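Residues per chain, in single letters:
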Amino acid sequence: MGRVFVPEPRLLDEAKAAVYGEIVPLVPVETKLGLEPDRLKTIMAKALTTFDDDDYLLLDGSTVHCAVAISIVCIERNSVPLLIWDGKSSKYLHRFLPFDDIPSPVPSVEKKIFVTNDIHGPPDMNLPIVPLTSGNDPNIMEPNAIKEDMIKLLITSSPDDFLLLSGSKTHNSVAAAIMTKMHGKINFMIWNAKTQDYVL
């Protein structure tokens, strides 16, 4: 049996997650680093460098934590086994997310901000905003379908573009994985509720 890596165990049902393996929290809940993805990456990478074929990434915690975790895993791997909470069945469902079919980007000249959901207000950066989701998006339990839809838009992304984290953990994690596989890096844009502004 493998391990279950948890970005930030907030709503974790340990008994149901443990069916898939030993639970490995990547950061303690009290670690308030939601606005510091670079520090999160440093902390999480120590554990995720050992991620293996029998392991899972369970999407629990803040959107930032989940997006950072999957971006680390997919740098070295062409697939990630995910565990996603299904409210209807009240259990974690396994979803296999491959990346070997992600095409090389054909970036446009203009720098852009990609976003997966509604935002608190347009960032004061005078850059075009590209929505990655619409009203007819695949269910959050279907990351592969989400991936196929997002690739059609992210094919125009460049290493200098931003991913504005907003909305579901699944959508943001898939977008982060695609951009990381395409460019070997990712630039996050995160809403700071305290300052009412975005952190880059």
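In what follows, the structure referred to is the one given above.
These figures come from a predicted structure and were not determined experimentally. Each chain carries its own residue numbering, running from 1 in the direction its sequence is written. Whole-chain, interface and lining totals are the exception, using all residues; otherwise, since this is a predicted model, local features are given only for residues with pLDDT of at least 70 and side-chain atom pairs are given and counted only at 80 or more. To get the side-chain values, all heavy atoms of the structure are used, and hydrogens and water are removed first.

Digging into the overall build of the protein chain
Right, on to step 1. Each helix is a run of DSSP H or I of at least 4 residues and each strand a run of E of at least 2, with the numbering of both proceeding from the N terminus. When its secondary structure is counted, the protein chain shows 5 helices and 10 strands.
Right, on to step 2. Relative to the compact-globule value of 16 Å for 200 residues, the protein chain shows a C-alpha radius of gyration of 16 Å, a close match.
Right, on to step 3. Principal axes of the C-alpha set define a box for the protein chain whose edges measure 50 × 40 × 35 Å.
Right, on to step 4. Burial analysis of the protein chain (200 residues in total) assigns 50% to the buried set.
Right, on to step 5. By definition in these notes, contact holds between two residues if any of their heavy atoms fall within 4.5 Å. Contacts spanning at least 24 positions in sequence make up 63% of the contacts within the protein chain whose residues lie at least 6 apart.
Right, on to step 6. Here the accessible surface of atoms and residues is derived via Shrake-Rupley with a 1.4 Å probe, and residues count as covered only by protein chains that are part of the display. Accessible surface for the protein chain amounts to roughly 9800 Å². Of this, 51% is attributable to carbon and sulfur atoms.
Right, on to step 7. Each charge sign in the protein chain was given a centre, from 19 positive and 26 negative side chains, and these centres are 2 Å apart. In this setup the radius of gyration rests on C-alpha atoms only. A globule is expected at 2.2 Å times the number of residues raised to 0.38. Buried residues are those whose accessible area, probed at 1.4 Å on protein chains only, stays under 20% of the maximum for their type, while exposed residues exceed 50% and partly exposed ones sit between those limits. Under the convention used here, Asp and Glu are negative, Lys and Arg are positive, and both His and the chain ends fall outside the count. Charged groups are reduced to one reference atom each: NZ for lysine, CZ for arginine, CG for aspartic acid, CD for glutamic acid.

Description of the sheet that holds strand β10 (residues 197–199)
Right, on to step 1. Only strands joined by at least two bridges in the DSSP assignment are considered to pair. Spatial ordering of the open sheet is given by β7-β6-β8-β9-β10, a layout of 5 strands whose pairing is mixed. Single-partner strands in this sheet number two, and they are β7 (129–131) and β10. Neighbour-to-neighbour, the strand axes of this sheet turn through a mean angle of 30°, independent of strand direction.
Right, on to step 2. In this sheet, strand β9 (residues 187–192) lies alongside strand β8 (residues 162–164) in parallel orientation, the contact comprising 3 bridges. From the neighbouring strand, phenylalanine 162 faces β9, where its bridge partner is asparagine 187. Structural elements are reduced to axes, namely lines fitted to C-alpha atoms, with helices fitted over the stretch in contact, and the angle between N-to-C directions of any two is expressed from 0 to 180 degrees.

Digging into the pattern of salt bridges
Right, on to step 1. What makes a salt bridge here is a side-chain nitrogen of Lys or Arg within 4 Å of a carboxyl oxygen of Asp or Glu, nothing more. Evaluated as defined, the whole model comprises 9 salt bridges.
Right, on to step 2. Notably, a salt bridge pairs glutamate 36 with arginine 39, separated by 3.3 Å at the nearest N-O pair.
Right, on to step 3. We classify glutamate 36 as partly exposed; its relative accessible area is 32%.
Right, on to step 4. Look at the salt bridges and you will find they share partners, linking Asp101, Lys147 and Glu148 into a network.

A look at unusual backbone geometry
Right, on to step 1. The phi angle at serine 90 is positive, at roughly 55°, despite the residue not being glycine.
Right, on to step 2. Tracing the sequence through the fold places serine 90 in the loop between β4 (79–86) and β5 (91–98).
Right, on to step 3. Backbone geometry places glutamine 196, a non-glycine residue, at a positive phi of 55°.
Right, on to step 4. Mapped onto the elements, glutamine 196 comes out in the loop between β9 and β10.
Right, on to step 5. For glutamine 196, a relative accessible area of 52% translates into the label exposed.

Note that all results are geometric; they support no functional claim without further evidence.
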